[in-house]
Amino acid sequence: MNRELLIEEAKLQEAALKRLGHWAAIGMAVSSVGVVLIYFAVTSAVKRIWLIVLGVLILLLGASAVITIGLGIRNGRNNVRKILNAIESEEGS
C-alpha cells in the first residue's frame, strides 16, 4: 500500500477508536445504573428480590460490554501502531 492510503487508514481507525471510547463510557454508565439498583434494593425497608436480579443483570451486561469494547480498543490501537510502523519503515527504505 502506498503511504497516503496507510495514513488515511490510520486516521479512520483513530476516529473509530474515539467513537468506541464513547461507547465504553456509556457501558460504564449502564453498569453504574445496575449498581444503584442493587444498592437501592438491598437498603430499602422492603426487600425486592426482582430489583436485585434486574440490577445484577444490568451490571453484568454493562460490564461485559465495557470489557468487549476495551479489548476492541486495545486491538485497534495495536493495529494503528502497526500501520504507523509500516509507514516509518517505508520512509526509511
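Structure report, in brief. (Residues numbered from 1 in each chain as written. Predicted model: local features only at pLDDT ≥ 70, side-chain atom pairs only at ≥ 80, totals over all residues. Heavy atoms only, no water.)

Some details on a nonpolar patch on the surface
A surface patch of nonpolar side chains, about 520 Å² in accessible area, is lined by I49, W50, V53, L54 and L57. With respect to the helices and strands, the residue W50 is situated in helix α2 (residues 49–92). Given the relative accessible area of 54%, W50 is considered exposed. (Patch = residues over 30% accessible without salt bridge, like charges linked within 9 Å, V, L, I, M, F, W, Y side chains within 5 Å. Areas by Shrake-Rupley, 256 points an atom, 1.4 Å probe, with all protein chains shown as cover. Salt bridge = Lys/Arg side-chain N within 4 Å of Asp/Glu carboxyl O. Helix = DSSP H or I, 4+ residues; strand = E, 2+ residues; numbered from the N terminus. Buried < 20%, exposed > 50% of the residue type's maximum accessible area, 1.4 Å probe, protein only.)

Here we look at the side chain of Q13
Inspection of the secondary structure assignment puts Q13 in helix α1 (residues 3–43). Exposure remark for Q13: the relative accessible area of 17% places this residue in the buried category. Apart from the residues lying within four places of it in its own chain, the contact partners of Q13 are G76, N79, V80 and I83. (Contact = heavy atoms within 4.5 Å.)

Any link to function would need more than the numbers given here.
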